[in-house]
Amino acid sequence: MGSFAERIGKRAARSVIQTDSLDEETRTELWNVLHALQTAVDRAARSGSETEGKLLSALWRWQFKKPADEEPRDYQMWEIVKTSVLRDEWFDVLDLIEEVVRYLKKFEDFQTDEISSIVAEAMNGVFEQYLVGFRFVGGKISPLDSTTEAEAVVAAQADADVIAGARHSLDQAVEHLADRENPDYPNSIKESISAVEAVVKKLTGEGTLGAGLTKLEGAGLKLHPALKQAWSKMYGWTSDADGIRHAGIEAAYADQALAKYVLVTCSAFVSYLIEEGRKADLL
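An account of the accompanying structure is given in this report. (Residues numbered from 1 in each chain as written. Predicted model: local features only at pLDDT ≥ 70, side-chain atom pairs only at ≥ 80, totals over all residues. Heavy atoms only, no water.)

**Some points on the overall build of the chain**
What counts, and what does not: By the criteria applied, helices consist of DSSP H or I runs no shorter than four residues and strands consist of E runs no shorter than two, each listed in order from the N terminus. Throughout, exposure labels follow a simple rule: accessible area from a 1.4 Å probe, protein chains only, divided by the maximum for the residue type, with under 20% read as buried, over 50% as exposed, and the rest as partly exposed. Residue contacts follow a heavy-atom distance rule, with two residues in contact if any of their heavy atoms lie within 4.5 Å.
If you tally the helices and strands in the chain, you get 12 helices and 2 strands. Along the chain direction, N to C, the helices and strands of the chain fall in the order α-α-α-α-α-α-β-β-α-α-α-α-α-α. Across the 283 residues in the chain, those meeting the buried criterion constitute 43%. Counted over contacts in the chain with a minimum sequence separation of 6, partners at least 24 positions apart contribute 59%.

**Some thoughts on helix H6 (residues 115-129)**
Each full turn of the α-helix corresponds to 3.6 residues, which orients residues three or four apart in the same direction. Put simply, the rule is: One fewer than the residue count of a helix, multiplied by 1.5 Å, yields its expected span.
Here H6 contains 15 residues, and its C-alpha end-to-end distance of 21 Å stays within 8% of the 21 Å for a straight helix at 1.5 Å per residue. Residues of H6 that are buried include every one of Ile 115, Ser 116, Val 119, Ala 120, Met 123, Asn 124, Val 126 and Phe 127, and no others. Phi turns positive, to about 55°, at Leu 131, one or two residues after H6.

**Description of the nonpolar core**
General note: in soluble globular proteins, nonpolar side chains tend to be found buried as a group. Short version of the rule: Take the buried Ala, Val, Leu, Ile, Met, Phe, Trp, Tyr and Cys residues and link them wherever side-chain atoms come within 4.5 Å; each set so joined is a nonpolar core.
Counting residues in hydrophobic clusters, the biggest one holds 40 residues, and the most contacted among them are Ile 193, Val 196, Val 199, Trp 231, Val 270 and Leu 273. For this core, the elements supplying multiple residues, two or more each, are helix H7 (147-159), helix H8 (164-178), helix H9 (185-204), helix H10 (209-213), helix H11 (225-239) and helix H12 (256-279). Ranked by residues supplied to this core, first place goes to H12 with 10 residues. When residues no more than four places from it in sequence are discounted, the contact partners of Val 270 are Ala 156, Ala 160, Leu 170, Ala 195, Val 196 and Val 199. With 37 residues, the next largest nonpolar core counts Val 41, Val 85, Tyr 103 and Phe 107 among its residues.

**Considerations on helix H5 (residues 90-107)**
Taking 1.5 Å as the rise per residue, H5 with 18 residues should run 26 Å; its terminal C-alpha atoms sit 26 Å apart, in good agreement. For H5, the set of buried residues is Trp 90, Val 93, Leu 94, Leu 96, Ile 97, Glu 98, Glu 99, Val 100, Val 101, Tyr 103, Leu 104 and Phe 107. Those residues of H5 hidden inside the fold are in contact with helix H2 (24-45), helix H3 (51-63), helix H4 (74-87), H6, strand E1 (135-137) and strand E2 (140-142).

**So, the environment of Glu 121**
Checked against the element boundaries, Glu 121 lands in helix H6. On the basis of relative accessibility, which here comes to 60%, the residue Glu 121 falls in the exposed class. Remark: the alpha-carbon pair of Glu 121 and Val 137, spanning 16 residues in sequence, is separated by 9.7 Å.

**A look at the side chain of Ser 49**
As a reminder, the rule being used: Polar contacts, as counted here, are pairs of nitrogen or oxygen atoms within 3.5 Å of one another; within protein the pair requires one atom able to donate a hydrogen and one able to accept it, and residues that are adjacent in sequence qualify only if both atoms are side-chain atoms.
Tracing the backbone shows Ser 49 in the loop between H2 and H3. Here the side chain of Ser 49 touches Thr 51 through a polar contact of 3.2 Å, landing on its backbone nitrogen. A distance of 2.7 Å separates the side chain of Ser 49 from the side chain of Asp 109, its partner in a polar contact. For Ser 49, the contacting residues outside a window of four places in its chain are Ala 44, Asp 109, Gln 111 and Thr 112.

**Some details on the packing of aromatic side chains**
So the rule is basically this: The rule is short: rings of Phe, Tyr and Trp, with Trp giving its six-membered ring, pair when the centres are within 6.5 Å, and they are stacked under 30 degrees, edge-to-face over 60, tilted in between.
Throughout the structure, instances matching the rule amount to 6 aromatic pairs. Ring centres 5.6 Å apart and planes at 80° place the aromatic pair Trp 90 and Phe 91 in the edge-to-face group. Between Tyr 103 and Phe 107, the aromatic rings sit 6.2 Å apart at their centres with planes inclined by 15°, giving stacked as the arrangement. In this pair, Tyr 103 and Phe 107 are both assigned in helix H5, 4 residues apart and thus about one turn of the helix distant. Of the two residues examined, Tyr 103 and Phe 107, each falls in the buried class. Joined through ring pairs, the aromatic side chains of Trp 62, Tyr 103 and Phe 107 make up one cluster.

**Quick word on the pattern of salt bridges**
This is how it is decided: Any Lys or Arg side-chain nitrogen found within 4 Å of a carboxyl oxygen on Asp or Glu counts as a salt bridge.
On inspection of all chains with the given rule, the structure shows 8 salt bridges. Here Glu 175 and Lys 140 are joined by a salt bridge, their closest N and O atoms 4.0 Å apart. Pair noted here: Glu 175 is in helix H8 and Lys 140 is in strand E2, with a separation of 35 residues, a long-range link. Given a relative accessible area of 38%, Glu 175 falls into the partly exposed group. The exposure class of Lys 140 is partly exposed, given its relative accessible area of 26%. Close ionic contact of Glu 276 with Lys 279 constitutes a salt bridge, the shortest N to O distance being 3.3 Å. Here Glu 276 pairs with Lys 279, and both are found in helix H12, just 3 residues apart, close to one helical turn.

Written out as structure tokens, the structure is:
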């Protein structure tokens, strides 16, 4: 629900997804999350935590690509981070935020445990509130427009931990989609479908999704005929002579919107199949 001013028509409500820009309000809120992080790691540092120092050194050397012997003091580094978030190109800001979370996870200690997840969750809250068309998924900022989409992918990744091939394929699908410099949408789609195929193979022993879908019920897992037919067609779409697995779909056609749709849809199906497989004692 919008603010009071938005509800009475005195201020225009946000309606456009930010996908190739970040407005001033959004940048300010992103910095506010990092400022809260600064306060937390500063406090932890006074109790012996090394997370802040390692984080800032990593950003200085590897994100900003500056000489190690010129590294500024911690408070000066935070000012550099602030300036970057408020003024740099939108994609550089997202790169920086992604690296902050990555280095936090790498350098967490007993006093800052899980702080990387807290920051990623807070960033997702800002992305959602300010209609930013990206979400943190598995430590990567991916082009997903809603928290619901992101949660579906994250849940599937967690569920797929019991099936290594499925988890690997989902991770790769996210990697291909999240690469802002060289996104690989065809391979993201392939990996998304491969994740479903890996789950079906685990449940039925069949080597392909097409063959496995027909044996799910025999393996003890009930699948509505319409749903089975839909996924058979999905598999056929990707696997026939003109399908994306045979390079029949060109990169120009396999765009971001299609790759997102397939990733989210396959993620939801992976979670469904794993849950049903557990109920049938197949996992």
